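What follows is each chain in one-letter form.
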Amino acid sequence: MADPVGAGKTSQLGEVIRRAITENDQCRILILAKASQIPRLQTELREEFGLYFFVYKDDFSIRAAYSWNKYDLVIASIDQVKPKHEHDCGGSFSTHFGKILAGGSWDIVAVDEAHHTAHPDGDGATLTFTLVAALRARAKRMFLLTGTPHVGDRDRFCELLKLARPDLAASIDDPEFFDSAVAQSVFRTRKIDVTDCPGNFIIKGEQTHLLKVPPRKPQLILEAALERYLSDWTADDEDRCEADDPLGPSGFRKLLASSVAALDVALRHRLKNIEGRLRLSRGNALKQAQSEARTLRNLIHLSEKAVVCDPKLRVVLALHEQYIVGAGRKILIFTQFLATQAWLQREFLQLSGQRPVIINGEQTTFEKEEALRAFNDDVDVIISTEAGSEGFNIQQACHIIVNWDLAWLPTRHMQHAGRLSRIGQSHRVLVLNITSDYWYDEHIIARQTTRLKYIARDLASVTDDPDEWSVEQVLGTRTYLGQLQTILKDVSGHCEYRSPDRIEYAAQRAASYRPGESAIAAE
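Residues numbered from 1 in each chain as written. Predicted model: local features only at pLDDT ≥ 70, side-chain atom pairs only at ≥ 80, totals over all residues. Heavy atoms only, no water.

Trainee: Describe the overall build of the chain, and please don't skip the residues or the numbers.
Mentor: Scanning the chain from N- to C-terminus turns up 22 helices and 12 strands. Over its C-alpha atoms the chain spans a radius of gyration of 25 Å, differing by no more than 12% from the 24 Å that the globule rule assigns to 523 residues. Structurally, the chain occupies a C-alpha span of about 75 × 60 × 50 Å along its principal axes. Classification of the 523 residues of the chain by burial places 55% in the buried group. For the chain, long-range pairs separated by at least 24 residues make up 74% of all intrachain contacts whose partners lie at least 6 apart in sequence. Entry remark: accessible area of the chain is about 23,900 Å², with carbon and sulfur atoms responsible for 49%. Charge-centre separation for the chain: the mean point of 64 positive side chains lies 4 Å from the mean point of 71 negative side chains. (Helix = DSSP H or I, 4+ residues; strand = E, 2+ residues; numbered from the N terminus. Rg over C-alpha atoms; globule rule 2.2 N^0.38 Å. Buried < 20%, exposed > 50% of the residue type's maximum accessible area, 1.4 Å probe, protein only. Contact = heavy atoms within 4.5 Å. Areas by Shrake-Rupley, 256 points an atom, 1.4 Å probe, with all protein chains shown as cover. Lys, Arg positive; Asp, Glu negative; His and termini not counted. Charge placed at Lys NZ, Arg CZ, Asp CG, Glu CD.)

Trainee: Any details on the sheet that holds strand β2 (residues 54-55)? Residues and values, ideally.
Mentor: Read across the open sheet, the 5 strands follow the order β2-β3-β1-β4-β5; overall the sheet is parallel. Two strands close off the open sheet at either side, each with one partner strand: β2 and β5 (139-144). Sheet topology places strand β1 (residues 29-33) next to strand β4 (residues 106-111); 4 bridges connect them, and they run parallel. The residue bridging I31 from the neighbouring strand is A110, located in β4. Helix-sheet contacts for helix α1 (residues 9-23) involve β1, β3 (73-77), β4 and β5, and the interaxial angle to β1 is about 165 degrees. Contacting β1, β2 and β3, helix α2 (residues 38-49) runs over the sheet at an angle of about 165 degrees to β3. (Pairing = 2+ DSSP bridges. Axes fitted to C-alpha atoms, helices over the stretch in contact; angles between N-to-C directions.)

Trainee: Give a detailed account of the side chain of H416, specifying residues and quantitative values.
Mentor: Along the chain, the position of H416 falls in helix α17 (residues 410-418). A polar contact of 3.0 Å, which involves the side chain of H416, links it to the side chain of E386. Beyond its immediate sequence surroundings of up to four residues, H416 is in contact with F334, E386, S389, I401 and N403. (Polar contact = N/O pair within 3.5 Å; in protein donor to acceptor, adjacent residues only side chain to side chain.)

Trainee: Explain the pairing of β3 to me, and be specific about the residues and the numbers.
Mentor: Within β3, 5 of the 5 residues are buried, which leaves the element mostly enclosed by the surrounding structure. Of the two faces of β3, both are covered, the one formed by L73, I75 and S77 as well as the one formed by V74 and A76. Pairing of β1 with β3 involves 5 bridges; the strand directions are parallel. Of the residues in β3, the one forming a bridge with I29 is L73.

Trainee: Go over empty space enclosed by the protein with me, naming the residues and quoting the values.
Mentor: Think of a ball as big as a water molecule: rolled over the atoms, this probe shows where empty space is left. Summed over all chains, the structure comprises 7 cavities of 30 Å³ or more. Here the largest cavity is characterised by a volume of approximately 70 Å³. Lining the largest cavity are P215, Q219, L256, S258, S259, V260, D310, P311, K312, S436 and Y438. Put simply, the parts of the chain that give the lining of the largest cavity at least two residues each are α11 (248-258) and α14 (311-324). Here the second largest cavity defines a volume of roughly 60 Å³. In this structure, the second largest cavity is lined by L332, F334, I359, L372, I382, S384, G388, F392, I394 and R419. Secondary-structure elements contributing two or more residues to the lining of the second largest cavity are β7 (331-334) and β9 (381-384). Classifying every residue of the lining of the second largest cavity gives 7 nonpolar, 2 polar and 1 charged. (1 Å grid on protein atoms, 1.4 Å probe; cavity = no way out; pocket = protein on both sides within 12 Å on 5 of 7 lines; lining within 4 Å. Points joined across faces, edges and corners; volume = space filled by probe spheres on them. Nonpolar A, V, L, I, M, F, W, Y, C, P; charged D, E, K, R; others polar.)

Trainee: Describe the sheet that holds strand β8 (residues 357-359), naming the residues involved and giving the relevant values.
Mentor: Taken in spatial order, the 7 strands of this open sheet run β8-β9-β7-β10-β11-β6-β12, and their pairing is parallel. Each of the sheet's edge strands pairs with one partner strand only, and the pair in question is β8 and β12 (477-480). When the angles between neighbouring strand axes are averaged without regard to direction, this sheet yields 25 degrees. As paired elements, strand β6 (residues 206-212) and β12 share 4 bridges and run parallel to each other. Counterpart to K212 in the pairing with β12 is Y480. This element, α17, spans β6, β7, β10 (400-403) and β11 (429-435) of the sheet and lies at about 150 degrees to β10.

Trainee: Summarise the packing of α14 against helix α15 (residues 338-352); cite the residues concerned and give the values.
Mentor: Two elements in contact, α14 and α15, have axes separated by 11 Å at closest approach and are oriented at 50 degrees. The angle between the axes of α14 and α15 places the two elements in the oblique class. With respect to the hand of their crossing, α14 and α15 are arranged in right-handed fashion. Residue-level contacts link L313, V316, L317 and H320 of α14 to W343, L344, E347, F348, L351 and S352 of α15. When its residues are assigned to classes, the contact of α14 with α15 shows 7 nonpolar, 2 polar and 1 charged. (Parallel < 35°, antiparallel > 145°, perpendicular 65-115°, else oblique. Left-handed = near helix turned anticlockwise from the far one by under 90°.)

Trainee: Explain the pairing of β9 to me, using residue names and the numbers behind them.
Mentor: Neither face of β9 is exposed, since V381 and I383 on one face and I382 and S384 on the opposite face are all buried. One ladder, built from 4 bridges, connects β7 with β9; its direction is parallel. Bridge pairing links F334 to S384 in β9. Where β8 and β9 come together, 3 bridges link them in parallel fashion. By the bridge assignment for β9, I359 is matched with S384.

Trainee: I'd like a description of the nonpolar core, backed by residues and values.
Mentor: Within the largest apolar cluster, 50 residues are counted, with the highest numbers of intra-cluster contacts made by V182, L222, L226, F252, L263 and L299. If you list the elements that add at least two residues to this core, you get α6 (154-164), α8 (178-185), α9 (217-234), α11, α12 (260-278), α13 (283-307), α18 (439-458) and α19 (471-474). Residues V74, A114, A134 and A164 belong to the second largest nonpolar core, which totals 30 residues. (Core = buried A, V, L, I, M, F, W, Y, C linked by side-chain atoms within 4.5 Å.)

Trainee: Give a detailed account of the confidence of the model for the chain, specifying residues and quantitative values.
Mentor: In the predicted model, the chain carries a mean pLDDT of 86, and 90% of its residues have values of at least 70. Across residues 519-523 the pLDDT falls below 50, and counting only partners more than four positions away or on other chains, this stretch makes 15 contacts in the model. (pLDDT = per-residue confidence, 0-100.)

Trainee: Account for α17, with residues named and values stated.
Mentor: Every α-helical turn comprises 3.6 residues, leaving residues that sit three or four positions apart pointing alike. Counting buried positions over the 9 residues of α17 gives 8, a clear majority of the element. Listing the buried residues of α17 in full gives P410, T411, H413, M414, Q415, H416, A417 and G418. Contact partners of the buried residues in α17: β6, β7, β10, β11, α18 and α19.

Trainee: So, the environment of G251: which residues are in play, and what are the values?
Mentor: By secondary structure assignment, the location of G251 is in helix α11. Judged by its relative accessible area of 9%, G251 falls in the buried class.

And the structure:
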């Protein structure tokens with residue numbers, strides 16, 4: 001089930017389950033999900049479909065295999081019940097993995113955010129993959145739910161396909177039959193084609209722009225000095241320098257592309273480590289450490305000058321002042337780095353008088369929910385790391401996203417947009433992806449372009465829109481600051497354009513379903 005992020009995969013799963021139970025009231029169903037998403041899933045299935053699922057370990061425990069006879073509708077934390085290590089085969093009833101396997105066969109096993117099951121490098125099996133594969137052998141039907149099934153890596157994509165349809169493994173590995181296997185394994189509807197039962201479109205669409213914000217002279221001077229430092233650092237042995245500092249040269253470049261403030265934190269941390277070595281070094285090692293310490297102090301001096309005039313911050317603050325404040329609008333900002341997040345929160349408070357709420361991986365689930373409640377009430381800015389890119393839906397409060405950093409994977413941008421562009425959103429969503437003239441940003445754009453080509457090639461059999469995976473669709477059309485006012489006016493007054501053919505197709509498609517039935521339930 002690979003409908004785009006925000007197109008209602010959970011609702012479709014609920015309809016599938018409800019229909020399965022109608023046909024067989026003894027149906028056994030297991031849903032695997034991230035622990036943070038389980039309360040939302042349990043509530044949605046109960047309130048929308050009247051399905052009462054029990055949460056493993058929260059609502060009940062299993063002390064013997066026969067205890068499973070009491071529970072037919074179960075949700076479990078995928079991280080809690082996966083194998084403890086690579087040699088855990090599930091044979092021991094003392095582990096959660098063993099207890100889940102002791103549950104016997106299931107009529108339906110569903111896996112939420114299933115793209116996390118595949119190995120990051122498409123090589124070998126993760127513990128999550130081992131869990132899902134073991135349950136696949138015990139399930140009559142398996143549904144893998146993911147809005148981003150393909151990240152630009154065919155091997156990783158094929159792992160998911162084989163989990164969904166192990167009977168098609170040979171075809172998936174055969175280039176001649178690959179497209180046919182994909183068409184038989186993947187169900188996907190374009191987000192803008194989603195309708196209600198009468199055939200009315202319920203997704204307002206997205207307008208995405210790649211906003212170019214050139215760095216100023218202080219940032220360019222800092223970038224040149226940083227490149228000289230990194231060149232000297234890696235001249236002898238790049239592998240040694242990676243071990244010397246886990247961040248590595250690419251990490252420093254990535255931080256500079258995010259914010260001077262984030263780079264400044266890393267430079268100070270590096271300097272502290274070097275100064276610690278000065279007391280222990282002798283001879284050439286001492287001279288090298290002294291030289292590097294001087295270079296780092298100079299870089300920190302340059303960063304202090306550059307941070308006060310960060311051009312990206314000025315753009316976002318202007319956007320906030322001119323389009324958000326006093327207009328009843330709100331803004332969601334994504335960044336990859338905690339240091340950038342903390343700096344942005346401080347700068348917003350100091351320069352606008354308003355303190356944004358934040359979401360990051362260091363918070364508890366309760367703290368994240370509190371931040372979302374505040375944003376839904378009276379706070380007009382929320383700043384999130386990737387910890388908020390899945391499962392947190394705020395479409396009723398906001399329709400503007402700023403991706404402060406360009407993500408390494410294009411699917412990250414899709415996940416971000418899906419927090420707002422989804423069922424229940426009453427506005428067209430504006431996505432601004434900010435980029436600078438730094439080398440690292442251009443490198444990411446080139447990398448994303450290549451990945452998007454691979455995705456478009458492999459998913460061609462399940463989409464009729466050749467532009468769905470284009471760079472312009474995902475990263476946006478290149479835009480400059482002078483065009484921002486026009487863009488803001490445009491997004492307020494227009495909805496997604498749909499051709500007459502697409503409108504007719506959607507109406508016919510909706511008419512073919514029974515009331516309350518989704519496409520996947522019908523098929």
